[in-house]
Amino acid sequence: TVEPLKYVEKDIYANEGIKWYSFSNNKLILFAKSGNIYFYNLTNYQLIQVLKTNTDVNYVSKDKHGTIWVSTINNGLLKYANSPIKKLQIPANLSSNFLSIYVTNRNKIIAGNFEGELLDGNQVRKVYKNENQKFTTWIRSITSFNDQIVAITDYDYNINYNKKISLFFDDGKSASLK
């Protein structure tokens, strides 16, 4: 027999408007419209920390050493490790509008932007560019599976930066995450 999904609903209050959220290492992370980042313990729903960035935050990830990595709009990538927030140096030819960030098991940072580009360590990789289309492709999410990097864009996903797999509806029409 199949058991129905069970869940518990809890209320968590923030004193300002929330833009987005993520889960990382048994923590709920809320991104406020002001740039503040709220960290809650998912075991007891208590506020652990508030990080004030004064920038437009898109996504946050926490690595196994407790370092907090932040992707931003127009402000590149930020790093916080129990000291003041540091802005990471990114190559000049790379857009500073980052939508996603991922920390690998080996603690390597991979970040995706709104131009279909990935920053993999210090290397820029263009994972999606179609000259015939008049729109940019956002890298919505980055993850890994069996040591392979998976970058999810608006129209497809890429495995290790070169195997593009398009998304389709059941009727065969192209799908979009936008």
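The preceding data block contains the structure.
Residues numbered from 1 in each chain as written. Predicted model: local features only at pLDDT ≥ 70, side-chain atom pairs only at ≥ 80, totals over all residues. Heavy atoms only, no water.

With respect to the overall build of the chain
Basically, it comes down to this: A helix here means a DSSP run of H or I that spans at least four residues, while a strand means a run of E at least two residues long, and both kinds are numbered starting from the N terminus. Exposure classes here rest on a 1.4 Å probe applied to the protein chains alone. A residue is buried below 20% of its type maximum, exposed above 50%, and partly exposed in between. Contact criterion: two residues are considered in contact whenever any of their non-hydrogen atoms come within 4.5 Å of each other. For the accessible areas, the method is Shrake-Rupley and the probe is 1.4 Å, while residue cover comes only from the protein chains on display.
Regarding its fold elements, the chain presents zero helices and 16 strands. Within the chain, the proportion of its 178 residues that are buried is 39%. Contacts in the chain between residues at least 24 apart in sequence constitute 29% of all its contacts with a sequence separation of at least 6. Total accessible area on the chain stands at roughly 11,100 Å², and carbon and sulfur atoms take up 48% of it.

Remarks on the sheet that holds strand β1 (residues 18–24)
The condition that has to hold: For two strands to count as paired, DSSP must find a minimum of two bridges between them. Axes, fitted as lines to C-alpha atoms, cover a helix only where it is in contact. Angles between the N-to-C directions of the axes lie from 0 to 180 degrees.
Read from one edge of the open sheet, four strands run β1-β2-β3-β4, paired in antiparallel fashion. Either end of the sheet is taken by a strand with one partner, and the two such strands are β1 and β4 (47–52). With direction set aside, neighbouring strand axes in the sheet form an average angle of 20°. Where β1 and strand β2 (residues 27–32) come together, six bridges link them in antiparallel fashion. Paired with F23 across the bridge in β2 is L28.

Focus: the nonpolar core
We apply this condition: The term nonpolar core refers to a set of buried residues drawn from Ala, Val, Leu, Ile, Met, Phe, Trp, Tyr and Cys, joined through side-chain atoms within 4.5 Å.
Of all hydrophobic cores here, the largest spans 11 residues; its members are I29, F31, I37, F39, L51, V57, V60, I68, V70, L78 and Y80. Grouped together as the second largest cluster of nonpolar side chains are nine residues, L77, L94, F98 and I109 included.

Comments concerning the pattern of salt bridges
Stated precisely, the cut-off is as follows: When a carboxyl oxygen of Asp or Glu is within 4 Å of a side-chain nitrogen of Lys or Arg, the pair counts as a salt bridge.
This model, assessed by the stated rule, comprises three salt bridges. Notably, a salt bridge pairs D147 with R106, separated by 3.9 Å at the nearest N-O pair. Placement of the pair is D147 in the loop between β13 (139–145) and β14 (148–153) and R106 in the loop between β9 (98–103) and β10 (109–113), with a sequence separation of 41 residues. Given a relative accessible area of 69%, R106 falls into the exposed group. Where D120 meets K108, a salt bridge forms, and the shortest distance between an N and an O atom there is 2.7 Å. Within this pair, whereas D120 is found in strand β11 (residues 117–120), its partner K108 is found in the loop between β9 and β10, the two being separated by 12 residues in sequence. Judged by its relative accessible area of 7%, D120 is buried.

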